[in-house]
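# Summary of the model geometry
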Amino acid sequence: MASRIPTLNEAVSAGEKAAAVDTAMIAKLTDMAGDFAVNLSIALIIMVATVLASRWLSGITRRMLSRVRGFQHDRTVVSFVVQVVRVVVYIVGFIAVLQRLGVQTTSIIAVLGAASLAVGLALQGTLSNVAAGVLLLVLRPYKVGDIIEVGGAQGTVQRLDLFVTQMSNANNHKIVVPNSKVLGDVIVNLTGQKTRRIEILFNVGYSANLKQATAVIAGVAEAHEGVLPDPEPWAGVTNLLDSAVEVTLQAWVEVDDWWQVKADLTQGVKEALDAAGVEIPFPHQVAVAYEPPAPGLYPAAMSKPEPEPQTPAPAPRRRRLGPKA
């Protein structure tokens, strides 16, 4: 009986130690869960604050740049700088969130520094778009509101971002072109100048009086209020076609009036040529009467000539050779 008492005491002490360990582990897990919950809540607050701060700083930047006289009529620089501010605020907020969650950002930066070559190769296209966007902002081949043609696409520039240029065509289609493609291609800025030339081709008949035709066409352009007097409108013969004489009209207008003035001149010249009796040729079709051949005769046999008789050529005479001596 006495030998069982130490064994029982040892079991009780072991149970007390296990209970103490379990209690300490539970307390530690509880503390860890509490700390994680607190850190997660703070991280969510930081994320919300980052979004609000990005909007607030972007608004302040937009308002400050809009007060600069050089940027009041050019939204390209304003939108680009606002985009840069927004991205920088997001990066700072993301790093703060990682640090609050216990992620060692220094080790991440060290790993990224060691793998900078691989990251650079992987992000080559993205980084080239960013570099191209900065160069487009410095060189300024176009600005927001200009109508440009690049990469086979034509539209009005809506905004210039860090990575892409957004355009909208006449059908209100959204066109997105990477900045690297824009910088590496030919850029045609249709509204980069204050004035723009209209060139319309008209066709008149060969029987028309060309001096009268050119005078009528130039007079319509001179009478239009949207056509600029300097340079003055010009009309002249530019080509001789198969069934018509080509007369070209050139007139200079303001950029915003180009489409409407071109439509007005096209209609006005047509009406003026009709009133002056100048022929505007168009394709004609000539009807040819068809008569079937007489019955019983094959057309091919009727048209095929009979062969002429040929006299056979005389056979060549052979020379007989005598016996040798």
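Look up a bit, the structure's there.
Residues numbered from 1 in each chain as written. Predicted model: local features only at pLDDT ≥ 70, side-chain atom pairs only at ≥ 80, totals over all residues. Heavy atoms only, no water.

## Observations concerning the pattern of salt bridges
- Taken as a whole and assessed by the stated rule, the structure comprises four salt bridges.
- Salt-bridge contacts for arginine 159 lead to aspartate 161; the nearest nitrogen and oxygen are separated by 2.8 Å.
- Judged by relative accessible area, arginine 159 falls into the partly exposed class, the value being 31%.
- Using a relative accessible area of 9% as the deciding quantity, one classes aspartate 161 as buried.
- Notably, a salt bridge pairs aspartate 274 with lysine 270, separated by 2.3 Å at the nearest N-O pair. Taken as a pair, aspartate 274 and lysine 270 lie in helix α8 (residues 258–276) at a separation of four residues, close to a single helical turn. (Salt bridge = Lys/Arg side-chain N within 4 Å of Asp/Glu carboxyl O. Buried < 20%, exposed > 50% of the residue type's maximum accessible area, 1.4 Å probe, protein only. Helix = DSSP H or I, 4+ residues; strand = E, 2+ residues; numbered from the N terminus.)

## Considering the sheet that holds strand β7 (residues 234–240)
- Pairing in this open sheet of three strands is antiparallel, and the strands run β6-β8-β7 from one edge to the other. Edge positions in the sheet fall to β6 (195–204) and β7, since each has one partner strand and no second. Strand-to-strand, the axes of this sheet are offset by a mean angle of 25°, without reference to chain direction.
- The pairing of β6 with strand β8 (residues 245–254) spans 10 bridges and is antiparallel. (Pairing = 2+ DSSP bridges. Axes fitted to C-alpha atoms, helices over the stretch in contact; angles between N-to-C directions.)

## Let's talk about the pairing of strand β3 (residues 164–168)
- Within β3, four of the five residues are buried, which leaves the element mostly enclosed by the surrounding structure.
- Judged from the four bridges that link them, strand β2 (residues 153–160) and β3 form a sheet pairing that is antiparallel. Looking at β3, one finds that valine 157 is bridged to methionine 167.
- Joining the antiparallel neighbours β2 and β3 is a turn of three residues.
- As paired strands, β3 and strand β4 (residues 174–178) are joined by five bridges and run antiparallel to one another. Residue pairing across strands places serine 168 opposite lysine 174, the latter belonging to β4.
- Linking β3 to β4, which pair antiparallel, is a turn of five residues; within it asparagine 172 sits at a positive phi near 65°.

## Quick word on α8
- Compared with the 27 Å implied by 1.5 Å per residue over 19 residues, the 26 Å span of α8 between its first and last C-alpha is a close match.
- Of all the residues in α8, the buried ones are Trp258, Val261, Leu265, Gly268, Val269 and Leu273. Here the buried residues of α8 occupy an arc of 130° about the axis, which is enough to place them on one side. Exposed positions of α8 whose direction lies more than 90 degrees from the buried face are Trp259, Gln260 and Ala275.
- The elements touched by buried residues of α8 are β6, α7 (210–223) and β8.
- Directly beyond the C-terminal end of α8, a positive phi value near 75° is found at glycine 277. (Expected span 1.5 Å × (residues − 1). Arc of directions from axis to C-beta. Contact = heavy atoms within 4.5 Å.)

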